Amino acid sequence: MLSYILRRLLFLPVVLFGITILIFMLISTLGPWTRVATFVPSPDAERHVDLEAMIKKYHLDDPPVKMYLRWVNNLLHGNLGWSQSSHMTVTEAIRRRFPATLELTLFSVIPVIIGGIILGVISAVHHNKPIDHTTRIMAIALWSLPDFVLGLAVLMVGFGVLGWFPPGRLSSWAQLEVLKESFRSFTGMYTLDALLNLRLDIFWDALRHIIAPVITLSCLWWAFMLRITRSSMLDVLNQDYVRTARAKGLAEAVVIKKHALSNALIPVTTVAGNMLLGLMGGVVIVETVFNYSGLGLLTSTAATRLDVPCVVGVAIFYATILVLVNLVVDVLYSIIDPRVRLE
Amino acid sequence: MKSKVWLWIVIAVVVIGAGVLVLNKKPAEVAKTTEVAGFNPDIFVYAGSGDAETLEPSRAYDTASSEIIYQCYDNLVAYKPGSLSEFIPMLATEVPSVENGLISKDGRTYTIPIRKGVKFHNGAELTPEDVEYSFERNMLADPVGGPVWMLIEPLLGASTIEDYACELAGVDDFSKVNAANLLKTAQAVMKAVEVKGDNVVFHLAQPYPPFLSILARNSSWTVILNKQWMIEQGDWDGKAETWTQWHNLDTEKQTLFEQAMGTGPYKLVEWDRSNSKHTLEAFADYWQGPAAIKTVIINNSVTEFNTRKLMLQKGEADAIYVPVENSPQIEGMSGVNLLRGLPRLSNVCAIFNQNINATDNEFVGSGKLDGNGIPADFFSDLNIRKAFSYAFDYEAFIKEVVLGEASVPYGVIPAGLNGFFDEKGFRYSYDPEKAEEYFKKAFNGEVWEKGFKVSLIWNIPNTTRKTACEILAAGIEAINPKFKVEVQGMEWATMLPRRREGRLPMVFIGWLADYADPHNFVYPYLHSKGDLITFTGENGRALAAKEFDPLVNAGINELNPEKRVEIYTKLQKKSLELAPHLMLYDSCDRVAMKDYVKGYVFDPICPAQYDFYALSKTKE
């Protein structure tokens, strides 16, 4: 298995190379005058900006090949360039934004996977019974809801009516605490940092802020997990070996847990891996509604402002994560299903 | 089956447990949060959208940046509250005037006595040398795209420091200027601003009536820096020989990009760029006494209006940014004060491109006057420009689109500067009959007979401009069925190259004052070298050179205020008569804050939405 993992990791640079080529091919269709727009935030701010000088200074009129080589050269020196839309280097922007996204992902993934799998199994086991119908209707309803509608509804109720779950990542008092030198930042994830600093008050505050986006994301993805688990479970439950197991007189719980579930979980693992990727890439709408600045907001702002270095940088980062998560998913297969051997 | 029950129990325990903890925790937290129950008079939270670009005074040229600089620094003088032409001293001890002898009779020398005992945030005391350094440093730094031209124009008579150096050396490119002339350039700058005893003296290249407006508070480019501290941070050392090392640096390489060291009422604690958040703390030794509000958090990351609205409602924010179309949602909210229709010094227009680049241009149809397009010089005909001006339904736009928060323009100078022109002049109104009359005259009747087709382009996501385009299009199409006007949205990055190449038949654009003087409007709008007149093309610039330049120059060289009013009234009238632009509306602003926020005074020129020093939070 180790050699398999190593081989996959060695493949990573090749994937990244392909991605950079693809992105640069797309970008090379934009002229220098389009690209220079990123230096002028709005049409009314052109004023005295000497765009010719900007084009010259940032070599925006170079041929794509030259631009690509310069970019690769910088990348090898650990420099992804300057992000005009977030006012910092791309590396810095990703480093600062990613913990927020990761925190949100970790908090969402647990309820989604556990909740989705449990409900899916229950639904399949009670096929066509009232509990199955209820969860299915719920799943379809939640899955069909646009994220901004659900997000706003959660915000209105959780914050507007109940006043429990405010938007943002921290309350103003907690922000001031975090800024103090006595508070050490270890991971950039406020809940974890607060615990490591033994500051329970800040931990609760951070938790209070993260609950609403987590509820929104969970509801949206729950439905998805549930439906996959349910159909895959139904499929397995109808197979001969399950009937054999039952015929042997095994307890129903053992049949489901030992025999059916682990087989049913294989497609679920694939989906969960993809979901994790989707969440880690940032969720633009949910981040916007809850004013939660993660990678999603960074990327969407960069894209609308044509902040090329940032878009490319995030793409590279995301591609790396994609390869790694896929690798983890493959390894998980072999653990769940002994028939799968990684060679 | 047992396991299922267990799972349910675990889920229930987790959910209930979390709920109980959250609820239980709440009363303990309330004292610390800014929620209604835990009202905290020391912390002020502002929720906005769109972050600052830089905190560097020589580069910052957007309102979000100026907003922060405004709180952290002081200027030499400030506008007298409620006035745009009178001043009060700030870091100066006296406002210079011809009467008190601090402005020379020829209007070219300003002597400014500097206040003593003023402290910077690091405890250092303000000296006249700091003032001298601040101006010289910014002029020599003069980063491309920055606001420092406003100092270079009156003090050196050039538009950029590079232009000045090139002129001195007699070359056309800054890289060709030799060392001797570079030195001379710095010496000229250092001669223009001098320390004499406790005073700082400015020597102007020409009389410049708005000079005090440029020095006044609200101009982030004339704030006073701490010389010693700047040098310690590795900025310009104050020597004439070295300045080019700090000239036109990249934004992020400038010393003050993300830090601040001024004498202002607030210290910058942090600009958290990844969360678009600024934290300011009251400066205890502020020379006018410490601010009532101890901590200000400016959170510019809340892009979603509904989120901001809820934050205001629940007291999570004390003030928020409200776009014009959202003000009805705030109107009448309990515990919130909404002030609407505050006249900002800004206006919006549609510029007629008199020499459209018609080669392969999809916006002008056939490029000929055959009913399926327009010729390149379509807008060079005054009749067309006038007809368009009469075809826009100003009142409907103001009432329906900006919900009454705008006014019909008297010309290129906005209504907010009404002290500088006679406010009873002519204004355009929606008049289809007059529009028809002018369309019939245009191109000797050919336009009326054959019709035309043109596209109006607005920049996504500015829907206000989209509606303006649509109202104009509807007004024109209603006059003659042969007139076809298409409205098309475009992303800024796509629009920019087309605009630069002169392909857009009309350019929709707004202008916000840099300082409170009509010169700041007539120059860009009407002078042949102005920024906005450029979009009118060659014919437009020729027209401007002939008709407007003499008056614009007369206005800036005139020291007598009454005579200036005459000149600007004339310019206002002429700008509508010759209609180089279709002036759409003079814009207004609005603020929304909790009713316990006291001390708010609207300032039309203030780049900052709020002067936090003037505010306090008190509940009756």
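About the criteria used
- Residues numbered from 1 in each chain as written.
- Chains lettered and ligands numbered in written order.
- Predicted model: local features only at pLDDT ≥ 70, side-chain atom pairs only at ≥ 80, totals over all residues.
- Helix = DSSP H or I, 4+ residues; strand = E, 2+ residues; numbered from the N terminus.
- Rg over C-alpha atoms; globule rule 2.2 N^0.38 Å.
- Buried ≥ 20, exposed ≤ 12 C-beta atoms within 10 Å, placed from the backbone.
- Contact = placed C-beta atoms within 7 Å.
- Domains from an automatic or database assignment.
- Nonpolar A, V, L, I, M, F, W, Y, C, P; charged D, E, K, R; others polar.
- Arc of directions from axis to C-beta.
- Pairing = 2+ DSSP bridges.
- Axes fitted to C-alpha atoms, helices over the stretch in contact; angles between N-to-C directions.
- Parallel < 35°, antiparallel > 145°, perpendicular 65-115°, else oblique.
- Left-handed = near helix turned anticlockwise from the far one by under 90°.

1. A word on the overall build of chain B
- A count of helices and strands for chain B gives 20 helices and 18 strands.
- In terms of overall size, chain B behaves like a compact globule, its C-alpha atoms giving a radius of gyration of 27 Å where 620 residues would be expected to give roughly 25 Å.
- Each of the three principal axes of chain B carries a C-alpha extent, and together these read 85 × 80 × 45 Å.
- Residue burial in chain B is summarised as follows: out of 620 residues, 51% are buried.
- Nonlocal contacts in chain B, meaning residues at least 24 apart in sequence, comprise 68% of its contacts between residues at least 6 apart.

2. A few points about the domain arrangement of chain A
Residue and element names in this part refer to chain A.
- By the assigned domains, chain A splits into domain 1 (13-79) and domain 2 (94-336).
- Between domain 1 and domain 2, the C-alpha centre-to-centre distance is 35 Å.
- Each partner contributes residues to the interface: domain 1 has 10 residues there, and domain 2 has 10 residues.
- Secondary structure elements with two or more residues in the side of domain 1 that touches domain 2: helix 1 (2-27) and helix 2 (32-35).
- The dominant element in the side of domain 1 that touches domain 2, judged by the number of residues it contributes, is helix 1, at 6 residues.
- Among the residues making up the side of domain 1 that touches domain 2, the classes are represented as 6 nonpolar, 3 polar and 1 charged.

3. Considering helix 18 (residues 537-547) of chain B
Residues and elements named next belong to chain B.
- Residues of helix 18 that are buried: Gly 537, Gly 540, Arg 541, Leu 543 and Ala 544. End-on view of helix 18: buried residues confined to an arc of 160 degrees, all on one side of the axis. Turned more than 90 degrees from where helix 18 packs its buried face, Glu 538 and Lys 546 sit exposed.
- Buried-residue contacts for helix 18 involve helix 17 (519-526) and helix 19 (549-557).

4. A few points about the interface of chain A and chain B
- Contacts between the two partners involve 47 residues from chain A and, on the opposite side, 50 residues from chain B.
- Broken down by class, the residue content of the side of chain A that touches chain B amounts to 25 nonpolar, 14 polar and 8 charged.

5. Describing the sheet that holds strand 5 (residues 193-196) of chain B
Residue and element names in this part refer to chain B.
- Read across the sheet, 3 strands follow the order 4-6-5 without closing on themselves; strand pairing throughout is antiparallel. The open sheet has two edge strands, strand 4 (109-113) and strand 5, and neither has a second partner. In this sheet, neighbouring strand axes are inclined to one another by 25 degrees on average, regardless of whether the strands run parallel or antiparallel.

6. Considering the environment of Pro432(B)
Residues and elements named next belong to chain B.
- The residue Pro 432 is located in helix 13 (residues 432-441) in this model.
- According to the C-beta neighbour criterion, Pro 432 is partly exposed, with 16 such atoms within 10 Å.
- The spatial distance from the C-alpha of Pro 432 to the C-alpha of Gly 475 is 7.5 Å, given a sequence separation of 43 residues.

7. Structural notes on the environment of Asp381(B)
All names here are of chain B.
- If you trace the backbone, Asp 381 turns up in the loop between strand 11 (336-352) and helix 11 (382-391).
- Linking Asp 381 and Glu 558, residues 177 residues apart in sequence, is a C-alpha distance of 33 Å.
- With residues near it in sequence (within four places) discarded, Asp 381 still touches Ala 442 and Phe 443.

8. Points about the packing of helix 7 (residues 147-161) of chain A against helix 9 (residues 305-313) of chain B
- Across the interface, helix 7 of chain A lies against helix 9 of chain B with an axial gap of 11 Å and an inter-helix angle of 5 degrees. Between helix 7 of chain A and helix 9 of chain B, the angle is such that the two are roughly parallel. Across the interface between the two elements, Leu152(A), Leu155(A), Phe159(A) and Gly160(A) from helix 7 of chain A touch Asn306(B), Thr307(B), Leu310(B) and Gln313(B) from helix 9 of chain B.
- Along the lines of polarity and charge, the residues of the contact of helix 7 of chain A with helix 9 of chain B split into 4 nonpolar, 4 polar and no charged.

9. Digging into the packing of helix 11 of chain B against helix 13 of chain B
Residue and element names in this part refer to chain B.
- Running from N to C, helix 11 and helix 13 cross one another at 160 degrees; their axes reach a closest spacing of 8 Å. With respect to helix 13, the axis of helix 11 lies roughly antiparallel. Handedness of the crossing formed by helix 11 with helix 13: left-handed. Within the contact between the two elements, helix 11 uses Asn 383, Lys 386, Ala 387, Tyr 390 and Ala 391 and helix 13 uses Pro 432, Lys 434, Ala 435, Tyr 438, Phe 439 and Lys 441.
- Of the residues assigned to the contact of helix 11 with helix 13, the class counts are 7 nonpolar, 1 polar and 3 charged.

10. Some thoughts on the domain arrangement of chain B
Residue and element names in this part refer to chain B.
- Considered domain by domain, chain B is made up of domain 1 (43-51 + 266-341 + 589-617), domain 2 (63-253) and domain 3 (343-587).
- If you average the C-alpha positions of domain 1 and of domain 3, the two centres end up 35 Å apart.
- Contacts between the two partners involve 8 residues from domain 1 and, on the opposite side, 10 residues from domain 3.
- Of all the secondary-structure elements, those providing two or more residues to the side of domain 1 that touches domain 3 are strand 11 and strand 16 (581-594).
- Classifying every residue of the side of domain 1 that touches domain 3 gives 3 nonpolar, 2 polar and 3 charged.

11. Structural notes on the environment of Tyr73(B)
All names here are of chain B.
- Inspection of the secondary structure puts Tyr 73 in the loop between helix 2 (63-72) and strand 2 (77-79).
- Under the C-beta neighbour-count criterion, Tyr 73 is labelled buried, with 28 such atoms within 10 Å.
- In this structure the C-alpha to C-alpha distance between Tyr 73 and Gly 264, which are 191 residues apart in sequence, comes to 3.9 Å.

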